[in-house]
Amino acid sequence: MSKQFEPAYLKLHRSGELRGRVAEAYRRLERCTVCARECGVNRRESAKGAACRTGERAVVSSYAPHFGEESPLVGRDGSGTIFFSWCNLRCQYCQNYEISQLGHGQEVEPENLAAMMLRLQVMGCHNINLVSPSHVVPQILAGLLIAVEAGLRLPLVYNTGGYDNLETLKMLDGVVDIYMPDMKYADEAMAQRYSKVKNYPAVNQAAVKEMHRQVGDLVMDEHGVALRGLLVRHLILPEGLAGTREIVRFLAEEISPNTYLNVMDQYRPCYKADDLPPLDRRITREEYNEAVQMALDAGLTRLDKREPRLIWLFR
Ligand code: SF4
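In this text, all values refer to a predicted model and were calculated from it rather than measured experimentally.

## Notes on the site of the ligand
So, point 1. All residues adjacent to the ligand are Cys-32, Val-34, Cys-35, Arg-37, Glu-38, Cys-39, Arg-43, Ala-50, Ala-51, Cys-52 and His-135.
So, point 2. Classifying every residue of the shell around the ligand by side-chain character gives 7 nonpolar, 1 polar and 3 charged.

## Things to note about the pairing of strand 5 (residues 156-160)
So, point 1. Counting buried residues along strand 5, 5 of its 5 residues qualify, which places the element largely inside the surrounding structure.
So, point 2. Residue alternation in strand 5 divides its side chains into two sets, Leu-156, Tyr-158 and Thr-160 and Val-157 and Asn-159, and both sets are buried.
So, point 3. The pairing of strand 4 (residues 128-131) with strand 5 spans 4 bridges and is classified as parallel. Bridging from a neighbouring strand, Leu-130 pairs with Tyr-158 of strand 5.
So, point 4. Sheet analysis places strand 5 next to strand 6 (residues 178-181), joined by 4 bridges and oriented parallel. Directly across from Tyr-158, in strand 6, lies its bridge partner Tyr-179.

## A word on the side chain of Arg-28
So, point 1. Mapped onto the elements, Arg-28 comes out in helix 2 (residues 17-28).
So, point 2. One buried charged residue, Arg-28, forms no salt bridge at all, with the nearest opposite charge on Glu-167 at 5.4 Å.
So, point 3. Not counting the four nearest positions on each side in its chain, Arg-28 is found in contact with Thr-33, Val-34, Asn-165, Glu-167, Thr-168 and Met-171.

## Describing the side chain of Arg-21
So, point 1. By the element assignment, Arg-21 lies in helix 2.
So, point 2. A polar atom in the side chain of Arg-21 sits 2.9 Å from the side chain of Glu-17.
So, point 3. One polar contact links the side chain of Arg-21 to the main-chain carbonyl oxygen of Asp-173, over a distance of 2.8 Å.
So, point 4. If sequence neighbours within four positions are ignored, Arg-21 has contacts with Leu-12, Leu-141, Lys-170, Met-171, Leu-172, Asp-173 and Val-175.

## Digging into helix 11 (residues 285-298)
So, point 1. Along its 14 residues, helix 11 runs 20 Å from first to last C-alpha, staying within 8% of the 20 Å computed at 1.5 Å per residue.
So, point 2. Every buried residue of helix 11 is accounted for by Glu-287, Tyr-288, Ala-291, Val-292, Met-294 and Ala-295. Buried residues of helix 11 fall within an arc of 150° about the axis and therefore sit on the same side. Facing away from the buried surface of helix 11 by more than 90 degrees, the exposed residues are Glu-286 and Asp-297.
So, point 3. Contacts made by the buried residues of helix 11 are with helix 10 (244-255) and strand 9 (260-264).

## Here's the deal with the nonpolar core
So, point 1. In this structure, Ile-82 and Leu-251 are the most contacted members of the largest nonpolar core, which totals 69 residues.
So, point 2. Ranked by the residues each element gives to this core, the list is headed by helix 6 (residues 137-149), at 8 residues.
So, point 3. In this structure, Ala-36, Tyr-93, Tyr-194 and Leu-241 belong to the second largest nonpolar core, which totals 20 residues.

## Let's talk about the pairing of strand 8 (residues 226-235)
So, point 1. Counting buried positions along strand 8 yields 8 of 10 residues, so the element is predominantly enclosed.
So, point 2. Between the antiparallel neighbours strand 7 (residues 219-220) and strand 8 lie 5 residues, among them Gly-224 with a positive phi of about 80°.
So, point 3. Inspection of the sheet shows strand 8 paired to strand 9 by 5 bridges, in the parallel sense. Paired with Leu-231 across the two strands is Tyr-260, which belongs to strand 9.
So, point 4. With helix 10 bridging strand 8 and the parallel strand 9, this β-α-β connection has right-handed handedness.

## Remarks on the packing of helix 2 against helix 6
So, point 1. The contact between helix 2 and helix 6 brings their axes to 8 Å, and the two run at 155°. Classified by the angle their axes make, helix 2 and helix 6 are roughly antiparallel. Relative to helix 6, the crossing made by helix 2 is left-handed. Between helix 2 and helix 6, the residues in contact are Leu-18, Arg-19, Arg-21, Val-22, Ala-25 and Tyr-26 and Pro-138, Gln-139, Leu-141, Ala-142, Leu-144, Leu-145, Val-148 and Glu-149, respectively.
So, point 2. In terms of residue class, the contact of helix 2 with helix 6 is made up of 10 nonpolar, 1 polar and 3 charged.

## Structural notes on the environment of Lys-170
So, point 1. Take Lys-170: it is sitting in helix 7 (residues 166-171).
So, point 2. Of the residues examined, Lys-170 reaches a relative accessible area of 39% and is grouped as partly exposed.
So, point 3. Separated by 44 residues in the primary sequence, Lys-170 and Gln-214 have C-alpha atoms spaced 8.6 Å apart.
So, point 4. Discounting residues that sit within four places of it in the chain, Lys-170 has contacts with Arg-21, Glu-210 and Gln-214.

## What to know about the pattern of salt bridges
So, point 1. Applying the stated rule across the entire model yields 21 salt bridges.
So, point 2. Of the charged contacts in the structure, one is a salt bridge between Glu-30 and Arg-44, with a shortest N-O distance of 3.5 Å. Of this pair, Glu-30 sits in the loop between helix 2 and strand 1 (58-66) while Arg-44 sits in the loop between helix 2 and strand 1, and the two are 14 residues apart along the sequence.
So, point 3. Since its relative accessible area comes to 35%, Arg-44 is described here as partly exposed.
So, point 4. Salt-bridge contacts for Arg-249 lead to Glu-253; the nearest nitrogen and oxygen are separated by 2.8 Å. In this pair, Arg-249 and Glu-253 are both assigned in helix 10, 4 residues apart and thus about one turn of the helix distant.

The rules we used
- Residues numbered from 1 in each chain as written.
- Predicted model: local features only at pLDDT ≥ 70, side-chain atom pairs only at ≥ 80, totals over all residues.
- Heavy atoms only, no water.
- Near = heavy atom within 4 Å.
- Nonpolar A, V, L, I, M, F, W, Y, C, P; charged D, E, K, R; others polar.
- Buried < 20%, exposed > 50% of the residue type's maximum accessible area, 1.4 Å probe, protein only.
- Helix = DSSP H or I, 4+ residues; strand = E, 2+ residues; numbered from the N terminus.
- Pairing = 2+ DSSP bridges.
- Lys, Arg positive; Asp, Glu negative; His and termini not counted.
- Salt bridge = Lys/Arg side-chain N within 4 Å of Asp/Glu carboxyl O.
- Contact = heavy atoms within 4.5 Å.
- Polar contact = N/O pair within 3.5 Å; in protein donor to acceptor, adjacent residues only side chain to side chain.
- Expected span 1.5 Å × (residues − 1).
- Arc of directions from axis to C-beta.
- Core = buried A, V, L, I, M, F, W, Y, C linked by side-chain atoms within 4.5 Å.
- Right-handed = clockwise from strand over helix to strand, strands pointing away.
- Axes fitted to C-alpha atoms, helices over the stretch in contact; angles between N-to-C directions.
- Parallel < 35°, antiparallel > 145°, perpendicular 65-115°, else oblique.
- Left-handed = near helix turned anticlockwise from the far one by under 90°.

Written out as structure tokens, the structure reads:
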């Protein structure tokens, strides 16, 4: 990583504002509007009524260097992932449902989160990759404050399902360097049916606009490692359920034709997908190629370059 690089949160910390953001974020837990569900429950007292089933403490399932993420995050030494348990989405086909829907993991204090961040830095990771952070932003900020004071210097990756509250995102302005949102659906009814959320496309598109306003297009160092910017993930679902055409049009026309996009081919039926055709099958090579072509036709040229999976060779 470039020697001149400084993560955004250092400036915020020097000004004293990072501490203020922590306090402000914890206030939002009291009638919770941390994510776009806006449940309005007091998570400082209990997790009762919280759609994310998370109370005052975050739950973490694991943390480790990860080499399966996009190459600008992985670089040579890996992306420092912290997997948060529970989720504000209810994707009926989730590949990590034991973590996201069954809550496997351990409750942690901010001090524990800070220790994880610092450990990942010592291990040589290029970034701290916060996986499913939307419902635990206050806890992340509290952990970050402790970690910064102990020497954290890596950029933060906000790796989200994309159902984020705009006001919460504004609290992350100057904190997060790399936003990595999913854009899962372009159709409200699909989002309701398959992820049990209302109004996903409007919430998601407003969130992606705010993220891009804060950090711009993805910028990498001389080794191709991401420093700052927006990286969008779009998982192709069978029979065009993910609304690829509308999503790539939105990115090209309303965000930037230089948006870095990962068109993801790895859908496989998990959790309840076997009972929800057409989600009960993988995508075909034709469906994937068609989605990539839609992105190119829309004018997007920065597509993640990983090879399509080998699954097709065995079909
Ligand atoms: S974080 Fe989201 S899902 Fe969880 S209680 Fe708050 S508003 Fe509800």
